Amino acid sequence: MAGQVKVMIDRIIQERSKGDALLASTTQTKLILKGFDPARYDATSPDDPMILARLRQVAAELNVTL
Amino acid sequence: MGITVAQLAEGTAEAGSKLAAKLGSPAVVVYFASPKHDPAVLAADVAHSFPSAVTFGCTSAGELVSGAMTKGAIVAMGFGADVVARAEVAIVEGVKESTGGIGRVFADWERKLGQKMLDLDPQRWIGLVLIDGLSGAEERLMDRIGDLTNVIFIGGSAGDDVAFKQTFVAANGHAASDAAVLALLECPDGFDIIKTQSFHATRQFLVPTKVDKAAREILEFNGKPAAAAYAEALSVKPDDLAGQFMAHPLGLMVGGEPFVRSPQQVVGEKVRFYCGVDEGMKLAVLDSTGIVDDTAAALKTALARSPGAKGLINFNCILRTLELEATGQTDAYGKVFTGVPTVGFSTYGEEYIGHINQTATMLLFL
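A brief report on the enclosed structure follows.

The rules behind these values
- Residue indices begin from 1 for each chain and proceed along its sequence in written order.
- Labels follow written order: the first chain is A, the first ligand is 1, and so on.
- Residue-level local features of this predicted model are given only where pLDDT is at least 70; pairs of side-chain atoms are given and counted only at 80 or more, and the full residue set underlies all totals for whole chains, interfaces and linings.
- Excluded from the side-chain calculations are hydrogens and water; all other atoms, namely the structure's heavy atoms, are used.
- Criterion used throughout: strands pair if DSSP finds at least two bridges between them.
- Strands are runs of DSSP state E lasting at least 2 residues, helices are runs of H or I lasting at least 4, and numbering of each runs from the N terminus.
- All axes here are fitted lines through C-alpha atoms, helices being fitted over the stretch that makes contact, and every angle between N-to-C directions spans 0 to 180 degrees.
- Between two residues, a contact is recorded if the distance between any of their heavy atoms is within 4.5 Å.
- Any angle from 65 to 115 degrees is called roughly perpendicular, while one under 35 is roughly parallel, one over 145 is roughly antiparallel, and all others are oblique.
- Two helices cross in a left-handed way if the nearer one is turned anticlockwise from the farther one by less than a right angle. They cross in a right-handed way if the turn is clockwise.
- Residue polarity follows a fixed list, in which Ala, Val, Leu, Ile, Met, Phe, Trp, Tyr, Cys and Pro are nonpolar, Asp, Glu, Lys and Arg are charged, and the others, Gly among them, are polar.
- Buried area is a sum: the accessible area each of two parts loses on coming together, probed at 1.4 Å, counted once for each and added.
- The term salt bridge refers to a pairing of a side-chain nitrogen on Lys or Arg with a carboxyl oxygen on Asp or Glu at a separation within 4 Å.
- Side-chain atoms alone can form a polar contact between residues adjacent in sequence; in general such a contact is a pair of N or O atoms within 3.5 Å, and within protein one must be able to donate a hydrogen while the other accepts it.

**Quick word on the sheet that holds strand β22 (residues 283-288) of chain B**
Residues and elements named next belong to chain B. Taking strand neighbours across the sheet as the criterion, the four strands line up as β14-β22-β18-β19 in an open arrangement whose pairing is antiparallel. Pairing within the sheet leaves two strands with one partner each, and these edge strands are β14 (199-206) and β19 (257-261). Going across the sheet, the axis of each strand differs from the next one's by a mean of 45°, ignoring polarity. The pairing of strand β18 (residues 250-254) with β22 spans three bridges and is antiparallel. Bridge pairing links G251 to A284 in β22. Relative to β14, helix α5 (residues 226-234) is tilted by about 120°, and along the sheet it contacts β14, β18 and β22.

Set out below in structure tokens:
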């Protein structure tokens, strides 16, 4: 399977920004500082269980329900 | 009342009353002071001298005031209620151990404001953060703050005149080490943020593949011993690597702009940094450009974008200050800020969303 990381990152950005471009940019920066550069993941990125687990943790930190 | 600025030289007695004479009756007072002024005494004195104001500040490693860089001084900025309509401030102590205090402060503010921190308008509210510059806690603090709110927090790590022994932050009369000051300001006319670092990215990248995060040390880049790989990227001998650090730090690229990660020293085959670096982060090797010209250009762009700015706080990295001193450019750098009321200080780290190095983060009040 592939693409789940990208889906989760997009969901985090959408939930935190509610469509606001400035907040979307800020959230992307926060994700990069946490080690998840949105630009490095796309629909073909493998569903690495370790990355998915860490991303679920990041979502919880950001108060986002996936 | 707008914004007022004051500067007191080293050795000034009764600093609080002298600041009050210069600043008038502001709603908020922010100050930065050399540790030559006893931090606890100064905090109490400033709070006593501005009984109806929110007061906070920290110790410095050199100060900035409109048109000049100073040493051993106290600089302060007063904000009228027309610039900062509401301010909340708190000290979080024990930051080396835990960031739990941030949640408690935010919960308290939410009760007072009747609004969740996540729901505050990030174009009307701005956060200031001052952190013990020797705590090593900046990354965790900024990460937690960013989790809990969309309000941007900007600031710096307190200094101690380059003694690297003890730094202090202070709020409402109380000074502390192993602590951070959090301030939340409501700015009805808005604000602007400047982040300038006087570096551009080369096409060379280093990826940490083994790190000791707690020690801020990188053991391996690209699967090779860190010092050797860094030296190879710069085409220098490992013995000459440390001499290249100031001009060639690394940058985590965000939207084409580097979040600078500055190496501190070579430790055997490892490289120790001034901020934390995670495994797998793709870091660009940076080339330095001119601090004075770049800062002047960044300020000019911001002032064109935000005309009529009333004042500016500059959190300027101590490494930039040391380079300015080494190249005889401190006067030129100070003069960059002649046209706008300014205070600031030379920091042991800069904060803007995260923790960064070799950068000036600035807050422009409109």
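**Overview of the packing of helix α1 (residues 4-17) of chain A against helix α2 (residues 21-33) of chain A**
Residues and elements named next belong to chain A. Their axes nearest at 8 Å, the elements α1 and α2 cross at an angle of 135°. Taken together, the axes of α1 and α2 are oblique relative to one another. As for how α1 packs across α2, the hand of that crossing is right-handed. Counting all contacts with α1, which are made through I9, I12, I13, R16 and S17, the residues of α2 involved are L23, A24, T27, Q28, K30 and L31. The residue makeup of the contact of α1 with α2, split by class, is six nonpolar, three polar and two charged.

**With respect to the interface of chain B and chain A**
Between chain B and chain A, the contact holds 21 residues from the first and 14 residues from the second. A per-residue breakdown of the area chain B buries against chain A is headed by D147(B), N150(B) and I353(B), which together make up 33% of the total. Our count for the chain B to chain A interface comes out at two salt bridges. Notably, a salt bridge pairs D143(B) with K34(A), separated by 2.8 Å at the nearest N-O pair. Between chain B and chain A we count nine residue pairs in polar contact (both at pLDDT 80 or more) in total. Within the residue set of the side of chain B that touches chain A, elements represented by two or more residues are α4 (138-148), β18 and β19 of chain B. Among the elements that take part in the side of chain B that touches chain A, α4(B) stands out by supplying four residues, more than any other.

Functional significance is not addressed by these values, which are geometric in nature.
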